[in-house]
Structure formats: structure tokens, C-alpha cells
Amino acid sequence: MFFRFSIFVGLSSVVATIIYLTPIPQQIFLSCDRPCHHLDWPMICRVKLTLEVFQSLSKSCGDCPRNETACLADHCVSADGQRRGILTANRQMPGPTIQVCENDILVVDVINRLPGKAAAIHWRGQSQLETPYMDGSPLVTQCPIPSYTTFQYKFRASAAGTHLWHAHAGDDVSNGIFGALIVKQADIRDPHRALYDVDDSSHVILVSQWQHSGEITFTDGHAKPAILLVNGRGRQPNGPRVPLTKFTVLPGRRHRFRLANAGGAGSCPITVLVDAHPLLLIALDGQPVEPRQVASITLAKGERADFVLKANKRIASYWINVHTSKECGASSINGGAILNYKGSSTEDPLPAAEAVQQPEAEESNDRIAMTTNPADKCGNPESLCVMEVHSLRKMPSGLGKPKTDVTVRLPINYKLQTNDIVGNGVETRILNVNNATFTYPSSPLLSQGGDVSGETMCYSTPDEDDARVENNETASLSSRRCRRSDATASNVCECVHVRYIPLGATVEIILLDQGGLDDLVYHLHGYTFYVVGARKFGRSVSLQELKSMDDKGQLFSRNLDCTVAKDTVVVPKFGVVALRFKANNPGYWMLRDEHAAEWTRGLDVILQVGETSDMVPAPEDFPKCGSFVGPEYFLI
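In this text, all values refer to a predicted model and were calculated from it rather than measured experimentally.

Help me understand the pairing of strand β34 (residues 605–609) in this model?
Moving residue by residue along a regular strand, the side chains alternate between the two faces of the sheet. Summarising burial for β34: 5 of the 5 residues are buried, a large majority. Covered by surrounding structure in β34 are Val 605, Leu 607 and Val 609 together with Ile 606 and Gln 608, the residues of both alternating faces. Inspection of the sheet shows strand β26 (residues 493–501) paired to β34 by 4 bridges, in the parallel sense. Of the residues in β34, the one forming a bridge with Tyr 500 is Gln 608. Across 5 bridges, the pairing between strand β33 (residues 587–593) and β34 is antiparallel. Looking at β34, one finds that Trp 589 is bridged to Leu 607.

Here is the structure:
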């Protein structure tokens, strides 16, 4: 007995000694924005987003812009120094940047205080593999969040990289409801960790297009043109001198920057470049790529890029220039921010001519312009299109075969329909995908699919599509259910456009622009895909002609090795793009048209991956919504 007691006391003494000698951590992280370590347990990160109607240059700004310091006050949205009604999250524009570590659990309370306006928040870049009902697609994965109610999003931030959170409706994003979602990795898991020294939480660049209504003018009578804001700040030509966003770097260090085109009032791609500094591109849409040194980066709406900037120039301030692509719109829209070297004695950036005339600027002579358009300027020695960017990881072997299990061809076009309301023979352009104009169901398909009337749905399988192509592509309406009031002589079909894909199948989606629409941008919820091919035709091509060219190997040469992985893609005007992914995430996932001003303009498609029984069910107390028809009785 005494021997056992002695062993117990001895072991207790050893444990007590170890605990006593173990150093206490010198830093306690009260925030999820912390250094990430691969052995740490995931944290539960709580965030509150209060959506409100607000105003730029509100009372919170004091005497801004006369006093530049006042423009930096809490809840002051200085924008371009002019008043404008906006929508905000937490009275900020952009909304708060959410920074977490890979696999942290995010718990976000979205409080909707927008009067008479339902909302939903999408977490771009997150696959929602465990929680498809938290994707943020209204009437697809959840009910819209009604005014003056709270919806709690709860999901695992499993996809590392630079991402976005934003409202589902395009106009709500334009008015300010968006922000960055940064999911960092532990150093040991970051394939590009050796390429940079500093990953500062403040080095996030969100570009958005800002526009006033045409009636608002300056006091001197000049209309306010559209401009680009960087992190919610910009200046009108000859307008108030409001402070611009400033990014501080340490001389001699390599800094990682995270860039996103958050969208806004326009749909043009944006180009970013820094005077006298080359950019080392290391990631697109959160996915690592083989490093490429470029002079500028062009992104479409919703796309993201990570780059490394080496602060090895003269200690001064430099312009970060942003502008829309010259090919888009009548004139270029511009904006800017400031790159400030720590220790610089000058506030104003160096003029561009002086900045580039530095001995240290020799390495930036290689003026390669990078664009994410898959069929624009490819093969040009002065440009780098996204098809020429290589992923750091090879495509999974199942996707590298010449043929996939499922091929979905989606022609994008429009029909002209006479508007009887306007009269005088005025024709309205009705947009459609494979002759179906998208509309939303009355209840979420994921949580209340049984409540949705079959009369509003148009399902289609790949086999049926192939049969239609062989016969007559315009005959595809015959096997569809359309809203009876909308199935007119003009052959316009409005329905909930759903494409079924078997769970576990390898999939290729071919997006074809037949209508000559300005470069379309599509975002696929729930998945990352590989861009395997793209081409411009310069004319409208029928679905039958497309399939014939593809069967003969004349469409394009597919890159099935190390092509770039993304979740957002540009469809070239009168062009085609092919995407591949493995359907291993069951659920209802939107193939979302990014240029829709509101919820839709008819060009969206829902991919149903797997059967309903394969999908993760929503919690029992998940909010419900839908149509109501009263009992059959008469008032007497």
C-alpha cells in the first residue's frame, strides 16, 4: 500500500514540476485575427453584421472634408466627399473584414434593419460542404432574411484564401453591403510562405465602382462622374480632397496583398497597378498558382487575386492606380490609393514619371499585363491571360480524362418580345439560358423542396439536352413546364431552371454566349472548378455547330494538366468557356450571373447535385417561407 502511495506522490510531483516549469504564453489572442498554427484547435469566431440604411458624409464625419482628420472618424463613410444614400453593415463601407484561420467556425449574426427589404449574405469561396443551407442563396438554400429579424450563419471556414462576403442582390452590393473574408493558413500549409515576409491584416484592397444619380451635380454645375473606390475611399476630379486609403510597407520587406473586385454600380473589369513596383501573382480566387511577375492585374466582378510586393524602392509614397478596362465602356473610370513606405517624409505620392525613373526600377521593365479573361490577349508576349496561368496543384486524375461523365452545354441568348404595356411596338429583350428565363421558386429548394409547385420548375438532364441538340435546339421547350401566363407565342419560357447532376460524377459545363452580351461573369456556388478551355468566335454560334466542332476536336485544345482553379469566370463576348469539377458536394448550387442588378435578370441556373436524400438536411427549426392560399370559404 505504501509503495503504491509513493508512486502516486512521485508522479504527482513530476506533473506539478512540469506544469510549474512550462512558460506561460506571452500573448493571449482575444480575436480570431491571429497567427495560425497547424497544431492549434479551431476557434469559434463570432461576428455581428447589422444591415442599415445609412449615408456617406453623415453627421459622424463632423466637418469632413474640410478637416481630413474628421473623415477618419468611426462610422464616417467619406467615399468621394459627397452625400449619397447607402446601405451598410455596421455603418462601414466596405463592411468589416472578417479574418480567421483555416477550419475556424464562423458564427455570424446578420441583423436586418433595412426597412421593407429582405436580404441574404453569400460567403464567396466557401464550399459549405457540411452546411449547404448556410450558402446564402435566397429561395434556394434559405428564406430571405425579413426586415427587423436576425439570421445566424454558422459554418466552417474550410477554404483558405482571399474571399468575399456580400449581399445576394447586385444593387445591395453596389450600395455598400460587402466585405472581405480572409481565411489564413498555418505557415507550414501555405505553399507560398517563403515568398513573402509580411502578411499584414490591413493589406486588403477592395475595389468598388461608385456612382451618383445623374441629377446630382457639383455646385459649379458639373455632373459627378462614376469613380472607383479603394476600401470605400476615392476622389472626384476637381472634387473635395478627402483622404485616400493608405497602405504602409516596411522598406526592404516583401508584403503579401489581397485584392478583390467587389463590383459596384458598373460591370467592367478593373485593372490594378502600383507605380514602379512589379507584382508577383501567387493566387487567384483563393487558389495558389505558380508565381508570375506582372505589371498589372485585371479582375472581373467577384474575382480575387493575391500578390507579393517587394518594398525595395526609394523611401517615399507611390500611387496605387485602379481603372476600368479600356475595352469596356465609353471612357475609363479611375480611382487610386497610396502605397506609403514607413519613414517617408512626404505625404503626397511621387509623380508617375519620377517614380519609374529610379535605378531600382529596372526589374519592373517587364510590363506584362495579367487578365482573367480566358480568351483575351492570349499568346500576346505583353499579356498573360488566365489560360496561361498554371495552378500549383495538378488537376485530379478523374477530371483529366478526355471525356467527363456529364457534359452540360448552356447557350446564353435573348429574345425580343413586344411589350404590350408600353405599346407603340416597343420590344423588350428577354434574356435566357437554353431558352429558359430564370425565376426563383416560392420556397427554398434545399429546405422546402416539397412546397414548391412543379408547374414552376423546368428540370433537365444531360441526356435530354443531347437529344434536343441532335433534333432541334429550340424545341427544348416541349418537355419543359413553363409558367402558363408567360409561355407565349414568342416562345419565352420563365421557370426555375434546374440541371440535375449525379453525385460523384465528373462534370464539364460549357458556357456559350450566342447573344453578343458584354463579357458575362459567372460564379459557381459550392465548388471550385478548373477552366480547361476558352475561345472567341466573333459571331453567334449555334449549339449544334458547337457540338459538331467539339466532336471533331476543332473547338479548342483542353488543358487537362495544371490549369487554373477558380470559382468565378468570364464568358467572352460571342465566345465559349469550358469548366470542369467533380460533383462531390450534394445540394442545390447556383451558377450565378454576376451582372444581375437585383436577384436575377434571367441568366441563372441551379445545379442539383445528387438526390434529395444525399443532401445534408437543414436543422429542424430552420426558418420557413412560401406562398399562402386561404381556406375555401365565402364571406357572407
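Moving on from the model shown.
Looking at this structure, I do not really get the pairing of strand β14 (residues 279–284). What am I missing?
With 5 of 6 residues buried, β14 lies mostly within the body of the structure. Note: β14 against strand β15 (residues 287–294), 5 bridges, orientation antiparallel. In the sheet register, Leu 281 faces β15, and the bridge partner there is Arg 292. Here β14 hands over to β15 after 2 residues, with Asp 285 in that stretch at a positive phi of 50°. Pairing of β14 with strand β17 (residues 304–310), which is carried by 4 bridges, proceeds in the antiparallel orientation. Its bridge partner lying in β17, Leu 284 is registered against Ala 305.

I would appreciate a short explanation of the state of the cysteines in the present structure.
Formally, a disulfide is one covalent bond, and it connects the sulfur atom of one cysteine to the sulfur atom of another. What the rule picks out here adds up to 7 disulfides. One disulfide in the model links Cys 378 with Cys 385; its S-S distance is 2.0 Å. As the torsion about the S-S bond is roughly 105°, the Cys 378-Cys 385 disulfide counts as right-handed. Given a relative accessible area of 0%, Cys 385 falls into the buried group.

Mind showing me how you'd approach the packing of aromatic side chains here?
The way to describe two aromatic rings as a pair is by their centre distance and the angle between their planes. For the structure shown, the criterion picks out 12 aromatic pairs. Taken together, a centroid distance of 5.9 Å and an interplanar angle of 75° make the contact between Phe 247 and Phe 257 edge-to-face. Separated by 10 residues along the polypeptide, Phe 247 in strand β11 (residues 246–249) and Phe 257 in strand β12 (residues 254–264) bring together distant segments of the chain. The structure contains a cluster of three or more aromatic residues connected by ring pairs, namely Trp 123, Tyr 133, Phe 151, Tyr 153, Phe 155 and Phe 622. Positioned over the ring face of Tyr 414 is Arg 429, at 5.0 Å from the centre of the ring.

What am I meant to see in the nonpolar core here?
One recurring pattern in soluble globular proteins is that nonpolar side chains are buried together. Residues Ile 297, Leu 339, Ile 509, Leu 511, Tyr 522 and Phe 581 are the most contacted members of the largest nonpolar core, which totals 74 residues. Counting residues per element, this core draws most heavily on strand β22 (residues 406–418), which supplies 4 residues. Residues from two domains meet in this core; each of domain 2 (191–215 + 225–356 + 365–372) and domain 3 (397–471 + 492–609) gives at least three. Beyond its immediate stretch of four places on either side in the chain, Ile 509 contacts Val 408, Leu 410, Val 577, Ala 578, Leu 579, Phe 581, Leu 591 and Leu 607. If you look at the next biggest cluster of nonpolar residues, it comprises 53 residues, including Leu 114, Phe 155, Tyr 588 and Phe 622.

Help me out: how do you make sense of the pattern of salt bridges in this one?
Pairing of side chains with opposite charge becomes possible as their charged atoms draw close. Scanning all chains against the criterion turns up 28 salt bridges. The partner of Glu 52 in a salt bridge is Arg 91, with the nearest N and O atoms 3.1 Å apart. One end of the pair, Glu 52, is in strand β1 (residues 44–56); the other, Arg 91, is in the loop between β2 (84–89) and β3 (98–101), and 39 residues separate them in sequence. Taking relative accessible area as the criterion, Glu 52 reaches 13% and is therefore assigned buried. Arg 91 gets classed as partly exposed once you look at its relative accessible area, which sits at 35%. Among the charged side chains, a network of salt bridges with common partners joins Asp 190, Asp 199, Arg 256, Arg 258 and Asp 306.

Can you walk me through the sheet that holds β14 in this structure?
Paired through their backbone hydrogen bonds, the strands of a sheet run either parallel or antiparallel. Spatially, 6 strands are ordered β10-β9-β12-β17-β14-β15 in an open sheet, and the strand pairing comes out mixed. Of all strands in the sheet, those with a lone pairing partner are β10 (227–230) and β15, marking the two edges. Averaged over all neighbouring strand pairs, the angle between strand axes comes to 25°, with direction disregarded.

Would you explain the sheet that holds β3 in this entry?
Judged by pairing direction, the sheet is mixed, and its 4 strands sit side by side in the order β3-β8-β7-β5 without closing on themselves. Every other strand in the sheet has two partners, leaving β3 and β5 (121–124) as the edge strands with one partner each. Put simply, the sheet's adjacent strands are angled 20° from each other on average, direction ignored. Note that β3 and strand β8 (residues 178–184) share 4 bridges and pair parallel. Pairing of Val 100 across the sheet is with Val 183, part of β8.

Here is what the cut-offs are and how they apply
- Residues numbered from 1 in each chain as written.
- Predicted model: local features only at pLDDT ≥ 70, side-chain atom pairs only at ≥ 80, totals over all residues.
- Heavy atoms only, no water.
- Buried < 20%, exposed > 50% of the residue type's maximum accessible area, 1.4 Å probe, protein only.
- Helix = DSSP H or I, 4+ residues; strand = E, 2+ residues; numbered from the N terminus.
- Pairing = 2+ DSSP bridges.
- Disulfide = S-S within 2.5 Å.
- Phe/Tyr/Trp six-rings, centres within 6.5 Å; stacked < 30°, edge-to-face > 60°.
- Lys NZ or Arg CZ within 6 Å of the ring centre and 35° of its normal.
- Core = buried A, V, L, I, M, F, W, Y, C linked by side-chain atoms within 4.5 Å.
- Domains from an automatic or database assignment.
- Contact = heavy atoms within 4.5 Å.
- Salt bridge = Lys/Arg side-chain N within 4 Å of Asp/Glu carboxyl O.
- Axes fitted to C-alpha atoms, helices over the stretch in contact; angles between N-to-C directions.

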